[in-house]
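The lines below spell out each chain.
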Amino acid sequence: DAGVIQSPRHEVTEMGQEVTLRCKPISGHDYLFWYRQTMMRGLELLIYFNNNVPIDDSGMPEDRFSAKMPNASFSTLKIQPSEPRDSAVYFCASSLFEAGGLGYTFGSGTRLTVV
Amino acid sequence: KQEVTQIPAALSVPEGENLVLNCSFTDSAIYNLQWFRQDPGKGLTSLLLIQSSQREQTSGRLNASLDKSSGRSTLYIAASQPGDSATYLCAVVPYSGNTPLVFGKGTRLSVIA
């Protein structure tokens, strides 16, 4: 398996533009997580899915953020409109179990810069 | 709300030294605790997992301990090498076991040759 695949690796966009981040989880993993990492706040959970259904989106910072998982092999995180304070590294992770465990696999992340 | 703290935020040691990284959590009712490694520009890799009923786990030169009553865990790295340079993150799962990991901000380790 190629692991969790995220695209793009880097994204630079202007304030106000729509940004879409993509994730392909490991086949057979029932859980998918979106995290955001910044120096100030560390790694924050934004939202997670179980069998394509959103379970907890309380970490989504504002209505500008939305996430979907239309099928078991694909998820998107969308920011519209983007703002400079959204600049961060966004990670997708997938797991067999909700509570982690050694099967918790992270993608390489998308570094987002909003100017 | 569970909070995880890691001190120090950064650490620099000479090659060959034994070192300890610290992690503390505010609620001792945890399901498990994990240590991750993050290399620059990369995602996180799981190193060790300690279940709430365990006191320690070992993998090669790494040893992680857990003291739930005091809300602390340590990651011991023996005979450090430059290849150990990375950020090490601690994460806990609250007791119910059906919530995702809560992460600390990590300790950035530099091992100097």
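Structure: see above.
Conventions used here
Residues numbered from 1 in each chain as written. Chains lettered and ligands numbered in written order. Predicted model: local features only at pLDDT ≥ 70, side-chain atom pairs only at ≥ 80, totals over all residues. Heavy atoms only, no water. Pairing = 2+ DSSP bridges. Helix = DSSP H or I, 4+ residues; strand = E, 2+ residues; numbered from the N terminus. Axes fitted to C-alpha atoms, helices over the stretch in contact; angles between N-to-C directions. Core = buried A, V, L, I, M, F, W, Y, C linked by side-chain atoms within 4.5 Å. Buried < 20%, exposed > 50% of the residue type's maximum accessible area, 1.4 Å probe, protein only.

A. Region of interest: the sheet that holds strand E8 (residues 74–79) of chain A. All names here are of chain A. Strand order in this open sheet of four strands is E1-E3-E8-E7, and the pairing throughout is antiparallel. With partners counted over all chains shown, the strands left at the sheet margins are strand E1 (5–7) and strand E7 (65–71), one partner each. The mean angle between the axes of side-by-side strands here comes to 15 degrees, regardless of whether they run parallel or antiparallel. The sheet contact formed by strand E3 (residues 19–24) and E8 spans five bridges and is antiparallel.

B. How the structure looks around the sheet that holds strand E8 (residues 72–77) of chain B. All names here are of chain B. Strands sit in the order E1-E3-E8-E7-E6 across an open sheet of five strands; the sheet is antiparallel. Lying at the two open borders of the sheet, with one neighbouring strand each, are strand E1 (4–7) and strand E6 (56–59). Each strand of the sheet is rotated relative to its neighbour by a mean of 15 degrees, with strand direction disregarded. Inspection of the sheet shows E1 paired to strand E3 (residues 19–25) by four bridges, in the antiparallel sense.

C. The nonpolar core, seen in detail. Ranked by size, the top nonpolar core spans 22 residues in total, and within it Phe25(B), Leu33(B), Trp35(B), Leu75(B), Ile77(B), Tyr88(B) and Leu109(B) carry the most contacts. Those elements that provide at least two residues to this core are E3, strand E4 (30–38), strand E5 (44–51), strand E7 (62–67), E8, strand E9 (86–94) and strand E11 (107–112) of chain B. Grouped together as the second largest cluster of nonpolar side chains are 21 residues, Leu32(A), Ile47(A), Leu77(A) and Ile79(A) included.

D. A look at unusual backbone geometry. Cis geometry is found at the peptide bond from Gln80(A) to Pro81(A), where omega equals -5 degrees. On the secondary structure map, Pro81(A) appears in the loop between E8 and strand E9 (88–95). Geometrically, the link from Ile7(B) to Pro8(B) is a cis peptide bond, its omega value of 0 degrees lying close to zero. With respect to the secondary-structure elements, Pro8(B) resides in the loop between E1 and strand E2 (10–14). The phi dihedral of Asn52(A) falls on the positive side, at around 75 degrees, and the residue is not glycine. Within the element layout of this structure, Asn52(A) appears in the loop between strand E5 (42–50) and strand E6 (53–56). Using a relative accessible area of 29% as the deciding quantity, one classes Asn52(A) as partly exposed. A positive phi angle is found at Ala79(B), which is not glycine, with a value near 45 degrees. Position of Ala79(B) among the secondary structure elements: in the loop between E8 and E9.

By themselves, these are just geometric observations and shouldn't be taken as functional.
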